[in-house]
Each structure stands twice: as C-alpha cells, then as structure tokens.
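Notes for the structure review
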Amino acid sequence: MGQAVQISIHAPSQYICANCEQILPDWKQQPLFWVVIVLQRSQYHLVTSTKEIEAEKQKLREKFMRYGCDVAFYLRDRGYLTDIIDPRTGYPLLSRPGAIPHNDTAVVKTLLGYSVIKNKCCVLVHPIWGTAVYPSVLISAASPTLIELVTKEIASQHGWEEQIEV
C-alpha cells in the first residue's frame with residue numbers, strides 16, 4: 001500500500017491572478033497557468049507542534065519536493081513554465097521569489113472549499129483525513145490534460161496512491 005495523496009488541477013484563484021507579479025515575478029508574461037494542489041495524508045494530525053509532528057512535516061515536505069521537482073523538470077524540459085512552491089516558505093523554488101509568499105493553505109481553502117483551523121499556523125481540515133493532511137502547490141503553464149498525465153505517472157513512481165481531480 002502506498003501513501004494516500006490527493007492531486008487536483010485548478011485555474012488560479014482571483015488572489016493569485018491579482019498578485020501574480022508579487023508572488024511569481026518571472027511569470028508576469030504568462031497569461032494562462034494552472035495550480036496543482038497536492039495533499040498528502042499524514043500519519044499524525046498536524047494541529048500541535050511536537051518533535052514527531054515536525055519530523056513528519058519535514059518528511060512530507062521532502063516527499064513533495066522530490067515529486068514536485070520530477071513533475072516540474074519533466075514539464076520544463078518540454079517548454080512549459082512550471083514551478084514548485086516551497087511549503088515551508090511559500091516562495092517558488094525554480095523562479096525568482098516575489099515580494100509576497102504564496103499561501104498553500106489559503107489556496108486550498110479557496111479552490112477546494114476545505115476548512116482551516118487557525119492556531120499557531122493555519123491547519124487544513126480535509127473532509128476525510130481531518131487535520132492529518134499536508135498541503136503543497138505546483139504551478140504550471142502546461143495544459144491540464146498534460147499535467148494530469150504527468151502527475152499520475154510520477155505519483156505512481158513515488159509510491160503514491162493518488163486520486164486526481166480536474
């Protein structure tokens with residue numbers, strides 16, 4: 001059994017469109033792009049901060065970064081502007097960082113309608129996994145059809161049991 005992950009592809013939220021230049025300054029000439037939300041199921045509820053939970057967040061971040069780099073470089077090698085947002089900092093990994101960070105939790109709340117608990121940091125509430133979920137985001141100018149094909153293939157290579165929604 002692989003790790004449960006939910007991957008969905010969306011048009012960018014109004015906030016991302018309005019603030020694109022401040023979040024992704026290298027993307028200002030890119031009129032059309034898609035937001036890929038990657039939700040990993042955690043073995044812990046991510047509401048409090050303990051040594052185990054922080055280690056779990058780091059493990060999930062690293063898994064996303066490996067996965068995201070595989071997806072991003074595959075698409076970039078084919079001429080599609082693609083970037084990974086570092087879940088810890090909110091800044092793009094492959095482009096010049098902007099003046100303001102991206103907020104993965106806020107994007108998931110807006111695009112998927114999931115609830116958020118506000119404590120020390122904002123915690124996403126998944127309808128099935130509850131607070132045992134780690135959100136991350138990838139952004140690409142590739143078509144949703146190509147993104148879906150690539151994300152499915154690479155998810156299986158990473159041992160993820162994924163459910164993709166477009």
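Whatever comes next refers back to the structure up there.
Residues numbered from 1 in each chain as written. Predicted model: local features only at pLDDT ≥ 70, side-chain atom pairs only at ≥ 80, totals over all residues. Heavy atoms only, no water.

This part covers the overall build of the chain. For the chain, the count of helices and strands is four helices and seven strands. Its helices and strands taken in sequence order, the chain reads β-α-β-α-β-α-β-β-β-α-β from the N to the C terminus. The C-alpha atoms of the chain give a radius of gyration of 15 Å, which matches the 15 Å a tight globule of 166 residues would have. Along the longest, intermediate and shortest principal axes, the C-alpha atoms of the chain span 40 × 35 × 25 Å. Residues counted as buried form 47% of the 166 residues belonging to the chain. In the chain, 69% of the contacts between residues at least 6 apart in sequence involve partners at least 24 apart. Looking at the chain as shown, the accessible area adds up to about 8300 Å², and 52% of this sits on carbon and sulfur atoms. (Helix = DSSP H or I, 4+ residues; strand = E, 2+ residues; numbered from the N terminus. Rg over C-alpha atoms; globule rule 2.2 N^0.38 Å. Buried < 20%, exposed > 50% of the residue type's maximum accessible area, 1.4 Å probe, protein only. Contact = heavy atoms within 4.5 Å. Areas by Shrake-Rupley, 256 points an atom, 1.4 Å probe, with all protein chains shown as cover.)

In this section: the packing of aromatic side chains. According to the stated counting rule, one finds two aromatic pairs in the structure shown. Consider the rings of Trp27 and Phe33, whose centres lie 5.5 Å apart with planes at 80 degrees: the pair is edge-to-face. Taking the relative accessible area as the measure of exposure, Phe33 reaches 5% and is therefore buried. Between Tyr67 and Trp160, the ring centres sit 4.4 Å apart and the planes meet at 40 degrees, which makes this aromatic pair tilted. On the criterion of sequence distance, the pair formed by Tyr67 in helix 2 (residues 51-77) and Trp160 in strand 7 (residues 160-165) is long-range, its members being 93 residues apart. You'll find Tyr67 and Trp160 in the same group, each marked buried. In this structure, Arg78 is placed above the aromatic ring of Tyr74, and the distance from its NZ or CZ to the ring centre is 3.5 Å. (Phe/Tyr/Trp six-rings, centres within 6.5 Å; stacked < 30°, edge-to-face > 60°. Lys NZ or Arg CZ within 6 Å of the ring centre and 35° of its normal.)

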